[in-house]
Amino acid sequence: MDWIVSDELGLTVGHLVGWGAATAMIVGGVAPYVPQYRQIRKTQDAEGFSLYVCLTLLIANTLRILFWFGKRYEIPLLIQSIVMNATMFAMIHLCVNVKKKNQIIRSRERIFTGAIFMLYILLCCVNGSAQPDETAQWLGQRSGIVGGEKPHRFYDMDRKYFWAWTDFQSYVDCMLVFSVLGAAITYLLIEFSPFVELVGFLAVFTEAMLGAPQIAKNLTNKSTEGMSLSMVIMWTCGDLFKTAYFVIREAPTQFWVCGSLQVLLDIVILVQVWLYRHNTAAARRLRRGD
């Protein structure tokens, strides 16, 4: 039985614990990125942090938001997804600006023009009177490119340029296209239960694979230099808490199963920290000029 804290307000210890857990869910998901953000801003070096971490979370949380419309779950989890998306865009904005500042030789611009490309197709289909040359010129003006060297675009179909764009707006446009397409498909299939369950599974499974891009980055570098250890420790603590929260609150099965996978990947990254500790220390000494 809950102890009554206030008869007038009807508050119980259970209520306070529930509110505290909900607040921890919302804030706790964002907290691990604070030390990583501060480290990148302080060192002006974003090479050790994988932007695919941001992509993973943006996709996962966008899918989770869409899943809410098909199968209601707790509001704190929905708010957490919205806050997390805003945080990931803040991380991307910082990384893009830092990489631009560190660019010694100006390289060819890399942009996402998926939204412009879709608009081009729409114009060609709807407005049969539009001339290809006029339409192409208009699209060039809309994308901010008039003359000069032709940039790498998303539809150049070169995988190495995907999610490696040189302007922040490209990342926003990409997620906008993904969100609009996802919302349209969800709207059409909202009554189809297997589809809704699939969206829920993809949301939590994608989030569970959050650590995979960072693991790959560490393997490539043979070092964890540039990655915040505090971030990974907070990831692990947060994922343990989150998985326990899913089990206790009887969230859909997809949530706690994939939460357990996420904890496992966190542990793998911590193992990498230990394995690459000598390489990381050497890289730090080199950066300091020792």
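Residues numbered from 1 in each chain as written. Predicted model: local features only at pLDDT ≥ 70, side-chain atom pairs only at ≥ 80, totals over all residues. Heavy atoms only, no water.

Colleague: Explain the UniProt feature "transmembrane region" (unreviewed entry) in the protein residue by residue, including any values.
Modeller: UniProt annotation of "transmembrane region" (unreviewed entry) refers to residues 16-37, 49-69, 75-98, 110-130, 228-248 and 255-276 when read in the numbering used here. Secondary structure across residues 228-248 comprises 95% helix and 0% strand; the distance between its end C-alpha atoms is 30 Å. With 95% helix and 0% strand, the stretch residues 255-276 has end C-alpha atoms that lie 32 Å from each other. (UniProt positions renumbered as here; feature names shortened; annotations may be inferred. Helix = DSSP H or I, 4+ residues; strand = E, 2+ residues; numbered from the N terminus.)

Colleague: Break down the layout of surface pockets for me, with residues and values.
Modeller: Gaps left between atoms show up when a probe the size of a water molecule is rolled over them. Within this model, the largest pocket holds a volume of roughly 470 Å³. Lining the largest pocket are 22 residues, with Glu47, Leu51, Lys99, Arg110 and Ala164 positioned closest to its centre. Only helix 3 (51-70), helix 4 (75-101) and helix 9 (211-221) provide two or more residues apiece to the lining of the largest pocket. The class makeup of the residues in the lining of the largest pocket is ten nonpolar, six polar and six charged. (1 Å grid on protein atoms, 1.4 Å probe; cavity = no way out; pocket = protein on both sides within 12 Å on 5 of 7 lines; lining within 4 Å. Points joined across faces, edges and corners; volume = space filled by probe spheres on them. Nonpolar A, V, L, I, M, F, W, Y, C, P; charged D, E, K, R; others polar.)

Colleague: An account of the environment of alanine 281 is requested, with residue identities and associated values reported.
Modeller: Within the element layout of this structure, alanine 281 appears in helix 12 (residues 277-288). Distance in space between the C-alpha atoms of alanine 281 and threonine 224 is 9.3 Å, their sequence separation being 57 residues.

Colleague: Can you break down the packing of aromatic side chains residue by residue, with the values?
Modeller: One pass over the full model with this rule turns up ten aromatic pairs. When the ring of phenylalanine 162 is compared with that of tryptophan 165, the centres are 5.5 Å apart and the planes differ by 85 degrees; the resulting orientation is edge-to-face. Residue tryptophan 165 is classed as buried on the basis of its relative accessible area, which comes to 3%. Between tryptophan 163 and tyrosine 171, the ring centres sit 4.8 Å apart and the planes meet at 90 degrees, which makes this aromatic pair edge-to-face. Accessibility assignment for this pair places tryptophan 163 and tyrosine 171 in one class, buried. An aromatic cluster is built from Phe162, Trp163, Trp165 and Tyr171, whose rings are joined through pairwise contacts. Over the ring of tryptophan 68 we find arginine 72, and its NZ or CZ is 4.0 Å from the ring centre. For arginine 277, the ring lying beneath its charged end belongs to tryptophan 274, and the centroid distance is 4.3 Å. (Phe/Tyr/Trp six-rings, centres within 6.5 Å; stacked < 30°, edge-to-face > 60°. Buried < 20%, exposed > 50% of the residue type's maximum accessible area, 1.4 Å probe, protein only. Lys NZ or Arg CZ within 6 Å of the ring centre and 35° of its normal.)

Colleague: Account for helix 9, with residues named and values stated.
Modeller: Within helix 9 the residues assigned to the buried category are Gly211, Pro213, Gln214, Ile215 and Asn218. Lysine 222 sits one or two residues past helix 9 and shows a positive phi near 55 degrees.

Colleague: Go over the packing of helix 9 against helix 11 (residues 253-275), please, and point to the residues and values.
Modeller: Two elements in contact, helix 9 and helix 11, have axes whose closest approach is 9 Å; the angle formed by their N-to-C orientations is 20 degrees. One element, helix 9, and the other, helix 11, form an angle in the roughly parallel class. In this structure, the crossing between helix 9 and helix 11 has a hand that is left-handed. On helix 11, the residues that touch Gly211, Ala212, Gln214, Ile215, Asn218 and Leu219 of helix 9 are Leu265, Val268, Ile269 and Gln272. (Axes fitted to C-alpha atoms, helices over the stretch in contact; angles between N-to-C directions. Parallel < 35°, antiparallel > 145°, perpendicular 65-115°, else oblique. Left-handed = near helix turned anticlockwise from the far one by under 90°. Contact = heavy atoms within 4.5 Å.)

Colleague: Requested: an account of helix 3, with residues and values cited.
Modeller: For helix 3, which comprises 20 residues, the first-to-last C-alpha distance of 29 Å matches the rise-based estimate of 28 Å (1.5 Å per residue) to within 8%. Burial within helix 3 is extensive, with 16 of its 20 residues counted as buried. (Expected span 1.5 Å × (residues − 1).)

Colleague: Please set out the nonpolar core residue by residue, giving values where relevant.
Modeller: The tendency in soluble globular proteins is for nonpolar side chains to be buried as a group. Ranked by internal contacts, the top residues of the largest apolar core, which has 34 residues, are Tyr33, Ile40, Phe49, Met88, Ile92, Trp163 and Trp235. Elements that contribute at least two residues to this core include exactly helix 2 (33-43), helix 3, helix 4, helix 7 (168-189), helix 10 (229-248) and helix 11. Looking at this core element by element, the count peaks at eight residues for helix 4. By size, the runner-up hydrophobic cluster in this structure holds 20 residues, among which are Val196, Tyr245, Phe246 and Ala251. (Core = buried A, V, L, I, M, F, W, Y, C linked by side-chain atoms within 4.5 Å.)

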